[in-house]
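# Residue-level structure breakdown
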Amino acid sequence: MVSDTHLPNRAKRLPEQLLAELPRADVVFHAGDWVDTATLDLLESHSRRLIGVHGNNDGPELRARLPEVAYAELDGLRFGVVHETGPAQGREARCAARFPDLDVLVFGHSHIPWDTVAPTGLRLLNPGSPTDRRRQPHCTCLTATLADGALTEVTLHRLSQR
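Everything in this summary refers to the structure shown in the same document. Owing to the predicted nature of the structure, the values given are computational and were not obtained by experimental measurement.

### Some thoughts on the environment of Arg 133
Note on placement: Arg 133 falls in the loop between β7 (123-126) and β8 (139-147). The sequence separation of Arg 133 and Arg 65 amounts to 68 residues, and the corresponding C-alpha distance is 26 Å.

### Brief notes about the pattern of salt bridges
Counted under the stated rule, the structure contains eight salt bridges. The salt bridge partner of Arg 48 is Asp 26, with a shortest N-O separation of 2.7 Å. One end of the pair, Arg 48, is in the loop between α2 (37-46) and β2 (50-52); the other, Asp 26, is in the loop between α1 (16-21) and β1 (28-30), with 22 residues separating them in the sequence. In this structure, Asp 115 and Arg 123 form a salt bridge, with 2.6 Å as the shortest nitrogen-oxygen distance.

### Structural notes on helix α4 (residues 91-98)
Arg 91, Glu 92, Cys 95 and Ala 96 are the residues of α4 that are buried. For α4, the arc enclosing every buried residue in end-on projection is 125°, short of the 170-degree limit, so these residues lie on one face. Across α4 from its buried face, at more than 90 degrees, point the exposed residues Ala 93 and Ala 97. At its buried positions, α4 is contacted by β5 (104-106), β6 (114-117) and β7.

### Quick notes on the environment of Val 35
Mapped onto the elements of the fold, Val 35 is located in the loop between β1 and α2. Judged by relative accessible area, Val 35 falls into the partly exposed class, the value being 22%. Sequence separation between Val 35 and Pro 100 is 65 residues, and the spatial gap between their C-alpha atoms is 30 Å. Val 35 has contacts with His 6, Leu 7, Asn 9, Asn 57, Asp 58 and Leu 62, leaving out every residue within four places of it along the chain.

### Considerations on the state of the cysteines
Within the structure shown, the criterion is met by zero disulfides. Here Cys 139 is not cross-linked by a disulfide; its sulfur's nearest cysteine counterpart is in Cys 141, at 10 Å. Judged by relative accessible area, Cys 141 falls into the buried class, the value being 6%.

### Description of the side chain of Asp 36
Summarising the element assignment, Asp 36 is placed in the loop between β1 and α2. Notably, Asp 36 is buried but unbridged: the nearest opposite-charge side chain belongs to Arg 65, and the N-O separation is 9.2 Å. Excluding residues within four positions of it along the chain, Asp 36 makes contact with Leu 7, Pro 8 and Leu 62.

Conventions used here
Throughout this document, residue positions are counted from 1 along each chain, in the order its sequence is written. Where totals are concerned, whole chains, interfaces and linings use all residues; where local detail is concerned, this predicted model gives features only for residues with pLDDT of at least 70, and gives and counts side-chain atom pairs only at 80 or more. Side-chain measures were taken over the full set of non-hydrogen atoms in the model, leaving aside hydrogen atoms and water. What counts as a helix is a DSSP run of H or I of at least four residues, what counts as a strand is a run of E of at least two, and both are numbered from the N terminus. A side-chain nitrogen of Lys or Arg and a carboxyl oxygen of Asp or Glu constitute a salt bridge if their distance falls within 4 Å. Accessible area is worked out with a 1.4 Å probe on protein chains only. A residue is then buried under 20% of its type maximum, exposed over 50%, and partly exposed in between. As used here, the arc belongs to the directions running from the helix axis to the C-beta atoms. Contact criterion: two residues are considered in contact whenever any of their non-hydrogen atoms come within 4.5 Å of each other. In plain terms, two cysteine sulfur atoms within 2.5 Å form what is called a disulfide here. In this charge count, Lys and Arg are treated as positive and Asp and Glu as negative; neither His nor the chain ends contribute.

Here it is as structure tokens:
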């Protein structure tokens, strides 16, 4: 899972360790703010399956190719992807109300890794950014493992900036 790649504004390219892992994943999620279509093309060419949305920094070309919200069912789990979820305060309740039929919501925008569960059971995941750490100590992405209709492992990965 990735978000907020902001290429080429925040970095010239994606970290090599991220690019190396893309073909190994069954599904790659991108939660918006690609900024250029070349990044979308790159992820599409390196992924078995790509599920992505546009973000607030994405122009008309990306908005024409990507939805605001994307949905997928994987191994019995209902996933949603969206860029913005609003402020951290009240996020779980707000997202649970907006997406009552989901099991997992992948989101971006803040560049802050996030992994919480709403009282309804909705799991909220933000992978941070692989290229623009902002006030975070590291650039990041997430991986998740599914088994028997459940997320069995969610791992935050630190990525090198160069």
